[in-house]
Amino acid sequence: MAPHSTGSPEAPDERWWKEAVAYQIYPRSFNDSDGDGIGDIPGITERVEYLDALGIDVVWLCPVYASPQADNGYDISDYRSIAAEFGTMDDWDALLEALHAHDMRLLMDLVVNHTSDEHEWFQRSRRRDGAYEDYYYWRDGGEDEHGDPTPPNNWGSFMGGSAWTYDELRGQWYLHLYDEKQPDLNWRNPEVRDEIASLVEWWLEKGIDGFRLDAINVISKPEGLPDGSGDTHPTGVELFSHGPRAHDYLRELYDRTFADYDVVTVGEMGETTVDIASEYMGGDGVGLDMLFHFEHMDVDVGPRGRWDPEGWGDWSLPEFKRIMSRWQTQLEAGWNAQYLGNHDQPRIVSRFGDVAERSSAAQQTSSVDDERYRIESAKLLATFLLTTHGTPFIYQGEEIGMTNATFETFDELDDPMMIGAVEDYVAAGKADSPEELRDFWNFQSRDHARTPMQWSNDEHAGFTDGEPWFAVNENYRDINVEAARSDEQSIWHHYRRLIDLRHDEVALVYGEYELLLPDHEQVYAYTRTLDESQILVVLNWSDEPATVDFGHTDGDLDVSDLRVRLSNYDETPSTPGERPLRPFEAVVYRN
Ligand code: NOJ
């Protein structure tokens, strides 16, 4: 770990993972070491010094286990081996060693709501092979009025279509809340829970530092698997999210495994409010340390959710502040995990920052000249991420301001979730062709986050010597790590300075958060206070100048006491509110 302040005597329950800055790696798209066009583990090891130079303490590695890659590794066929395209177990051991040698820790991705259909357990379950018979949810279906077979209930899959697929060999339907190649494990079966505890223990014994727990809110399904209301997406989610035994299962797993190790757990939890979250966390409760909620990810989606192609795009800063502040102040147990993007979300600067519409002429010259405030707004987003309460998770490429890609045709998409949503919409007769939804997928597809990491302006952005598995964003000639590191004013250096600041200022980790100016339409301002230390963060989250007046805020803020600690513009106002903030101006003050 990088050296950290020890905190104040009053600082609550100090832990390494609260003081850490985390970096998420999507291995397929990070760095290819062997020229097959697919990122791999040795490629990550080559970049350990890069992560160290940025100041990273923890790496969260998306799945690298054996997998047919129907969902880029979230479909695991063997939990104790590494996918051949990512390397070998020896490569993985070398990565762990390299990270630990640089005082960085490693979180693995634990995907145990489902396996791959190619996992041996599923293959044996299909054949009703002894104990494996009930490892998954198998049910008989029904018949409709024409005598055609119908699935056991009306639940929908997150990947579109029904959550059930008929298996000829077994002669029954199996449940898959995600892709049909991702059958759901039956956590009701104690032998399944034994298997999960045993694989968790196996990885903990290998010396990892924690897990991110995939889709952990959907592991418990309600008794009898009743039909859903049909008002939610996917149908039935109100029943299978936070199901009746979710707490018991996680508590049991915690007691059997995590409780004995100095590790961190971060649950991925859709459909989660701050009250629900608090119930899952803390050693005296269910045991999770942190969780990724989605409330701020829903701020700009349509009324029927992320995968509905209608009503998306707009968002309001006061609403965003309300959501974030709720989490900053009302989490009763546990700790926030802060993120703005990840491998399932659009690029943050395209979504919450400012990247002007790119004309097709500009695309052809691969220019980024038509951008307006990409650099300033990317730095503002970084400032927010690294100065709020909770462990910040930076997603690969955010540190250089990587943007959304442009996908002209439906065929260019790879993400099964986006493809499923579009196909459902077309099948329902709401659009004549997938291409009608081009704007929607260019806004929301998970593919934006999965274009290869842009390392340099060499061919394929220096990601691979071969043909990349997925097209590199054309703007790599301008937006790349090499260029960013050689420019002291770059987004990359701003991240590095913010990470240093977070390591230096214990108030940024443990300090109390207080929101100022809640209704201001352009400015997000808050304080972080610990004992005598006070930090004020002022963010003009808009492309217009903004005026702020701290004279009318409540609380103990004395702006005359504050000095600029870090800013994303030269010549920042030395006192907050002294003059209007420039577009996307982001300033951290300290007393
Ligand atoms: C959440 C993961 O982040 C996502 O990429 C995956 O498709 C689903 N869970 C299913 O594992």
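Quick caveat, the model's predicted, so the values are computed rather than measured.

## Quick look at the overall build of the protein chain
When its secondary structure is counted, the protein chain shows 17 helices and 20 strands. Overall size of the protein chain, expressed as C-alpha extent along the three principal axes, is 75 × 60 × 50 Å. With 591 residues in all, the protein chain has 61% of them scored as buried. The long-range share in the protein chain, meaning contacts at least 24 apart out of those at least 6 apart in sequence, stands at 70%. As displayed, the protein chain offers around 22000 Å² of accessible surface, 43% of which is attributable to carbon and sulfur atoms. With 47 positive and 118 negative side-chain charges, the protein chain shows a spacing of 2 Å between the two charge centroids.

## Describing the environment of D549
In this structure, D549 sits in the loop between β18 (533-540) and β19 (563-567). D549 sits in the partly exposed class, given a relative accessible area of 42%.

## Here we look at unusual backbone geometry
Negative phi is the rule for most residues except glycine; trans is the rule for most peptide bonds. Omega for the bond connecting H233 with P234 falls within 30 degrees of zero, at -10°, which places this linkage in the cis form. In this fold, P234 is placed in the loop between β11 (210-213) and α6 (237-240). One non-glycine residue, N72, lies in positive phi territory at about 45°. Along the chain, the position of N72 falls in the loop between β3 (65-66) and β4 (78-82). For N72, a relative accessible area of 9% corresponds to the buried category. A positive phi angle, close to 60°, is found at D103, a residue other than glycine. Looking at the secondary structure, you find D103 in the loop between α3 (89-101) and β5 (105-110).

## Observations regarding the side chain of S241
Tracing the backbone shows S241 in the loop between α6 and α7 (246-256). Judged by relative accessible area, S241 falls into the buried class, the value being 6%. There is a polar contact of 2.9 Å between the side chain of S241 and the side chain of N217. Residue contacts for S241: discarding those within four places in its chain leaves N217, V218, G270 and E271.

## Examining the side chain of D75
Note that D75 resides in the loop between β3 and β4. Among buried charged residues, D75 stands out as having no salt bridge; its nearest opposite-charge side chain is K181, 6.2 Å away. A distance of 2.6 Å separates the side chain of D75 from the backbone nitrogen of A70, its partner in a polar contact. If near-sequence neighbours (up to four positions away) are discounted, D75 is found in contact with A66, S67, P68, Q69, A70, S116, K181 and Q182.

## Looking at the sheet that holds β19
Ordered by their spatial adjacency, five strands build an open sheet running β16-β17-β18-β20-β19, and the pairing between neighbours is antiparallel. Both edges of this open sheet fall to β16 (512-516) and β19, since each of them pairs with a single strand only. Averaged over all pairs of adjacent strands, the angle between strand axes in this sheet comes to 25°, irrespective of strand direction. Looking at chain direction, β16 and strand β17 (residues 523-530) are connected through five bridges and run antiparallel.

The rules behind the values
- Residues numbered from 1 in each chain as written.
- Predicted model: local features only at pLDDT ≥ 70, side-chain atom pairs only at ≥ 80, totals over all residues.
- Heavy atoms only, no water.
- Helix = DSSP H or I, 4+ residues; strand = E, 2+ residues; numbered from the N terminus.
- Buried < 20%, exposed > 50% of the residue type's maximum accessible area, 1.4 Å probe, protein only.
- Contact = heavy atoms within 4.5 Å.
- Areas by Shrake-Rupley, 256 points an atom, 1.4 Å probe, with all protein chains shown as cover.
- Lys, Arg positive; Asp, Glu negative; His and termini not counted.
- Charge placed at Lys NZ, Arg CZ, Asp CG, Glu CD.
- Polar contact = N/O pair within 3.5 Å; in protein donor to acceptor, adjacent residues only side chain to side chain.
- Salt bridge = Lys/Arg side-chain N within 4 Å of Asp/Glu carboxyl O.
- Pairing = 2+ DSSP bridges.
- Axes fitted to C-alpha atoms, helices over the stretch in contact; angles between N-to-C directions.

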